[in-house]
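Here are the chains, one letter per residue:
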Amino acid sequence: MKTSAFSFSTAAKLSVIFGAMLLTLAAVNYFSFYPILQSVEEQERFGEPFLSNSGESITLVVDTTMIRALGKSGSFSQTDWSYGWINLLLQEARRYDVIDISALNSAGDINHGKIWIFTRSAISGDTDQQVKTFLDKLEQSNVEEAVVYLEAPDTLAAGNEVIQQLIGAGYHARHYSRLTQTPLAEFNLSCDGLAAVTAPSGFQPMLKFNDTPVLWQGQRKGIRLLLGVFNFGELAVTIQQGRPNDDFSVTPRITKRTGLLPIVSSDLCADSSYYMQLTPFFDNFEHLLFEIIFGAPSYAPLFAGSPDGAFIMSHDEEGMGDKSAWMARQERLWGVTSATLVTPAAITSKGIEEILKAGGELALHTDQYSYFKRPGLPGLRPIKKNHSLADQKRSLEQLAPRGLVDSLSSSINRNHWLIWSGNYTGMMRKLAGAGINLDLTYGPIGEGIAGYLFGTCFPFVPLDTNGFPLPILELPFLFQDDEDFAAEYLDSIFDTSSFQNEIVNVVFHTNTMGHSPDTLLLWGWRESFKRAKNANLPILHYSDIVDSLRAQRATMPADILNQN
Amino acid sequence: MNSVKHKAGSRRGSFLYGVIGALLIGVSGAYFLHRYPIRIPVSADAEKAASFVLKNDGAQVTLLVDTSVIRQNWAHKTLSRADFSYGWTNVLQQEFGYFDIREISAVDSASLAEYRIVVYSESALKGLAETPAMTKQLVEYVSAGGMAVLDYPSNEIIDWFGLASKKNRDERQRLSRLELGLFLGKDLNARADGGIPDSLPVFSTIRNYGSVASGASIEIQSNSCFEYFNYGAGGMLLTKWDFGRWVTLTQQGLPDENLNTVNRYADLGHSDKLEANDLVADSSYLNSVYPWVDIVEKTLGNLIAAKTFAPRWHTTPGASSGIFMMTHDDEALGDVGAWMNVYESQFGYTSTSFLMPSEKLSSAGVSAVTSNGGEVGLHWNRFDRDDKASLETLGIGRWRPLVRRRNLSSQIAWLDSLDVKTSYNRNHYFLWDKDPYRLFRNLNAAGFTMDYSYGPDLNDKGYLFGSAFPFYPLDDNGASFELTETPVTWGENFNGADSAWIARLLENNASDYHGVINALYHNNTFAWAPDYSIYESWRLSYELAQGSRHVMYTASQLEQFITARSTSPINWEIDSESVEVYCDATQPDLALIVPMLDLYRPTISIHDAGMSLSEVSVIVDSVSVMDSAYWRIVFPKGKYLLSFERSSTSREEGG
């Protein structure tokens, strides 16, 4: 009896020990199937003041001190976005100078300047006297056809007398309002602006929002003086780069709508009315604004002989590996070319070689969603860790066969799944830190979403939350084959009357026909090339953009063009 | 008291430990069982052996068999002893369509005289040799004007006719190669493709009967292998080699001596798996643009028709030149697999999709196929690897501790649950079995009527089984299954099947063979071997088929057609003035062909009460079957009498 009691007690205790061991094993096993995600350290590069003084005929004047000060606000609405102008100038003129207001009156020969754009930062606060002094000098310098643009809403709101003297007596601006209706009927813009209740003396309205003049033109001796009373910098950033919450956090609007989990680049799209815009509405606005400032539609083609722009077909590899070369192979037979963006996970040197030898471009498709390191022992890998962006870039370069490394476009990237970070520019900083100089992650995803979500198909330099440019370019694409592609899109997108100097670029995945086959997609793929040819758009690679900007000595943060 | 309390507390503690331990073990065990379910064996699929079909429908063509001889010979379960008498059913099915199958013992002189063409199979001849009365019957039948086809008769039977000398008798020669030019009678250089052989193995032995006063002969390797001679008012056609055996072993495949499938080609990376193409008798057939069995059969058919004026149902309906079947295999792609049907429906094309049970396939996916004009069959997954498509789990709710491979009945049940009722099948990967007859028995037991599992591997294309017409495979008891096998002619771009090759294949079929060209394009090719040229060739193949006057058929349409051919009576009378043909087309669009010879264009009358010829559309034109010219008459469903007046030359010769 005693023995039996002892045995039962021992057996019971042993069963607990054995059960606990078994449960531990089960837990370990469970986490091997559902590992815990550990974050990876990414190197980041931040926005920095960017100045350039090469004697160009267009000069952008900024106040880096003011921008830096406001950039500490941690608020989108408080940050100064004067650098937003560089993207208009990059697109329209390619080359221009950027000087700090502090160097204004010692900026060399004033005679070389034809067009002077004083950004919002440069004519606020204590700088108005410097502006007035400069204008006085400009008047006396006999520069012919000089143009001065003043972006001065805050100054006017404060009733700055010096600036008012420049403009002329009788002009008063009273209230500060939201402007929505633009002169271009096909889209809405939304930005802050001033409503002038009394026209500046001798000025003519050149542009209206909501039937309210927002751009006036007047003459001050030999100078054509333009007064913009809307915040163009903020407008440009809002549309092109997207609008986060005021604290720079990003809310998953589209992903919430479609039931997808991660934050994607499209969540930055400023307004749901842009979800199906098939014309480059913001580029067209920039063309208009530049024409008013410049006095002529003299934008510069990015590609010689192709004023309408270019077409780039891109394919995301999506882990399909070497088989993904099939599209490049077929395009070679068609006499066209494309860019294949690959994750260095499944593809091998053989696949890379095949794509490159088919004449295709090979760029990076960084995967921060499903490409993991799994440290541990076989059967015991409870943690997963992303491969860093820099590691992925390096891995791709190491995969390239000897002799073909230089043919890679490994500093050109699109994020798999268009994944973005919860911070407005956090992903841009990481991409720049990983040595990416052209990112292609901005684009539509989800049902009923396609086209110019960001108003543009021209590369732009994103601004960091401190208001300064980041050393990277972003080029949005127009549609993905597996995201609600419709044949009708092509009619609008390749209608050359609706755009100029656009880099029309689209995504046809290498694996869509595998998981969601549809003859429409194969038609769309081939038809896109045909439409591009009919529209006289050269069919190029993404690297051609960077090469062309470099060849044209485009003004931008130097590191962008110095990247391989 | 304290001690009692202590003991009671200790017992409670031990009990609690026990409960906790059991719970921990139970929860962990349940987790591991869910993660690593126990594999349980799958129950074997039911089998149903083929039964001997005999028909006495009043046809004027019959096959004579001796089923007891057949049974005895197959009972040895060796290839060399097996009897292939029922192999002739496929020859007659293709060449005539409407024919009887009779036990030789049940045929007396009177009933024999009712037939115009009698085929004595290997088994029938064996009984014949042992029964003088039957021999006399045969001699009398031929003397009276009948046409007898004797499959590989013995010397004794030849002697009864007294036509052959005994010199050099029994010098048999092993046949090795069948030369195409002899059969096609055409300039091979105009057809031959690089690397495609113009002769193929025949695996047979020719029998030398001595010199025969021949009316016509067809040679293989300079030996007469088919010999026709007139006898009395009739004629005899001898196959001097074991033709029924060759036809069967080429069409259905060649097992080893123990009747097992041999892993001949070990291709596709599944060296341990048997595929249907492992049954292909010789590697020369793996890349053939010539349907060898059909060619030889048609040569015989033409010869018989030329000697008897035999009218036949053409192998292709209406005024078409051939039948084109597009098929798709769904490899667990599921509902999105209907994308090909969506495209096809835009142009009025049709296809047959073989669907594999998988979690991705719902009734919506099935509906997407059928609502776009597609037909559905089973894609029987016989892989035993652990993919979701081939496994079914057993358990409660989401806890599934047991797993087993889906057998045929489980896969049929899956399709049933999606409201799919089909009797058509194709095996995934064309996987076959060591017992080459078992899968047919499985399908037979499950009620399937058509199989499409004979096809090429990645390195093959063309007529691997020598034929482009559905055939009825034999069981290992010598009887024919009542289900057809229709070989796939090409799969996507396997072995370089490009548009030019497809165009040539279709053109040749249209001009000579008039068979069923059966193409396979997977709906998931872009997932495992993406290639735009496959997509182009899929679309182009429809255009090429239409351009070469092929009619587009689904599985059920093909089944209806071959059923109609075999159930639509044809009878004919010949006299010195004319040939009269009576036929009863049980389905519309059957085409009757009659050897043109010296026959004038027929006059046609309708034998259906209440109908006149002016109410129906009848097409009369000519068609060539391997260079033999035929009148072709296409009419709607109904009974017709056709009268062909014979020319004076014909009258003098034929009498």
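Reading the values: the criteria
- Residues numbered from 1 in each chain as written.
- Chains lettered and ligands numbered in written order.
- Predicted model: local features only at pLDDT ≥ 70, side-chain atom pairs only at ≥ 80, totals over all residues.
- Heavy atoms only, no water.
- Buried < 20%, exposed > 50% of the residue type's maximum accessible area, 1.4 Å probe, protein only.
- Helix = DSSP H or I, 4+ residues; strand = E, 2+ residues; numbered from the N terminus.
- Contact = heavy atoms within 4.5 Å.
- Axes fitted to C-alpha atoms, helices over the stretch in contact; angles between N-to-C directions.
- Parallel < 35°, antiparallel > 145°, perpendicular 65-115°, else oblique.
- Nonpolar A, V, L, I, M, F, W, Y, C, P; charged D, E, K, R; others polar.
- Buried area = accessible area lost by both parts, 1.4 Å probe.
- Salt bridge = Lys/Arg side-chain N within 4 Å of Asp/Glu carboxyl O.
- Polar contact = N/O pair within 3.5 Å; in protein donor to acceptor, adjacent residues only side chain to side chain.
- Pairing = 2+ DSSP bridges.
- Right-handed = clockwise from strand over helix to strand, strands pointing away.

Caption draft 1: Seen up close, helix α3 (residues 87-95) of chain B. All names here are of chain B. Among the nine residues of α3, nine are classified as buried, and the element is accordingly described as predominantly covered. By the burial criterion, the buried members of α3 are G87, W88, T89, N90, V91, L92, Q93, Q94 and E95. A positive phi of about 90° marks G97, the residue just after α3.

Caption draft 2: View of the environment of F294 of chain A. Residue and element names in this part refer to chain A. Its place among the elements puts F294 in helix α9 (residues 281-294). Put simply, F294 and V147 are 147 residues apart on the chain and 7.7 Å apart in space, counted from C-alpha to C-alpha. Setting aside anything within four residues of it in sequence, one finds F294 in contact with I58, I115 and R224.

Caption draft 3: Looking closely at the packing of α3 of chain B against helix α18 (residues 555-567) of chain B. All names here are of chain B. Packing of α3 against α18 leaves a shortest axis separation of 10 Å and a crossing angle of 95°. One element, α3, and the other, α18, form an angle in the roughly perpendicular class. Within the contact between the two elements, α3 uses Q93, Q94 and E95 and α18 uses I562, R565 and S566. Among the residues forming the contact of α3 with α18, the class breakdown is one nonpolar, three polar and two charged.

Caption draft 4: Representation of the interface of chain A and chain B in the model. With 32 residues of chain A in contact, the opposing surface of chain B contributes 31 residues. For the pair chain A and chain B, the summed buried surface comes to about 2,600 Å²; carbon and sulfur atoms form 71% of the total. A per-residue breakdown of the area chain A buries against chain B is headed by V16, P517 and T519 of chain A, which together make up 18% of the total. The interface formed by chain A and chain B includes one salt bridge. Ionic pairing is found between R526 of chain A and E536 of chain B, a salt bridge with its closest N-O pair at 3.2 Å. Across the contact surface, chain A and chain B share seven residue pairs in polar contact (both at pLDDT 80 or more).

Caption draft 5: Expanded view of the pairing of strand β18 (residues 424-427) of chain B. Residues and elements named next belong to chain B. Where burial is concerned, the two faces of β18 agree: the one with Y424 and R426 and the one with N425 and N427 are both buried. Summarising the sheet, strand β15 (residues 375-380) and β18 pair through three bridges and their orientation is parallel. Looking at the pairing, W380 lines up with N427 of β18. Relative to strand β19 (residues 450-451), β18 runs parallel, the two being bridged by two bridges. When the bridges of β19 are listed, Y424 appears paired with M450. For the crossover that starts at β18, traverses helix α14 (residues 438-445) and ends in the parallel β19, the hand is right-handed.

Caption draft 6: Region of the structure containing the environment of Y115 of chain B. Residue and element names in this part refer to chain B. Locating Y115 in the fold gives a position in the loop between α4 (109-113) and β4 (117-120). Residues in contact with Y115, not counting those within four places in the same chain, are N56, A59, Q60, V61, T62, D100, R102 and Y141. A distance of 2.7 Å separates polar atoms of two side chains, one belonging to Y115 and the other to D100. A distance of 2.8 Å separates polar atoms of two side chains, one belonging to Y115 and the other to R102.

Caption draft 7: A look at the packing of helix α3 (residues 85-92) of chain A against helix α7 (residues 232-241) of chain A. Residue and element names in this part refer to chain A. Contact pair α3 / α7: the axes reach a minimum separation of 8 Å and the direction vectors enclose 75°. By the angle between their axes, α3 is roughly perpendicular relative to α7. Residues W85, N87, L88 and Q91 of α3 touch α7, and the partners they reach there are F232, G233 and Q240. When grouped by side-chain class, the residues that make up the contact of α3 with α7 number three nonpolar, four polar and no charged.

Caption draft 8: View of the sheet that holds strand β12 (residues 312-313) of chain B. Residue and element names in this part refer to chain B. The four strands are arranged β12-β27-β30-β29 in an open sheet whose pairing can be described as antiparallel. Two strands lie at the open edges of the sheet, namely β12 and β29 (619-625), each paired on one side alone. Pairing of β12 with strand β27 (residues 591-595) involves two bridges; the strand directions are antiparallel. By the bridge assignment, W313 is partnered in β27 with L592. Taken strand by strand, helix α10 (residues 292-308) contacts β12, β27, β29 and β30 (628-634), and its axis lies near 80° from that of β30.

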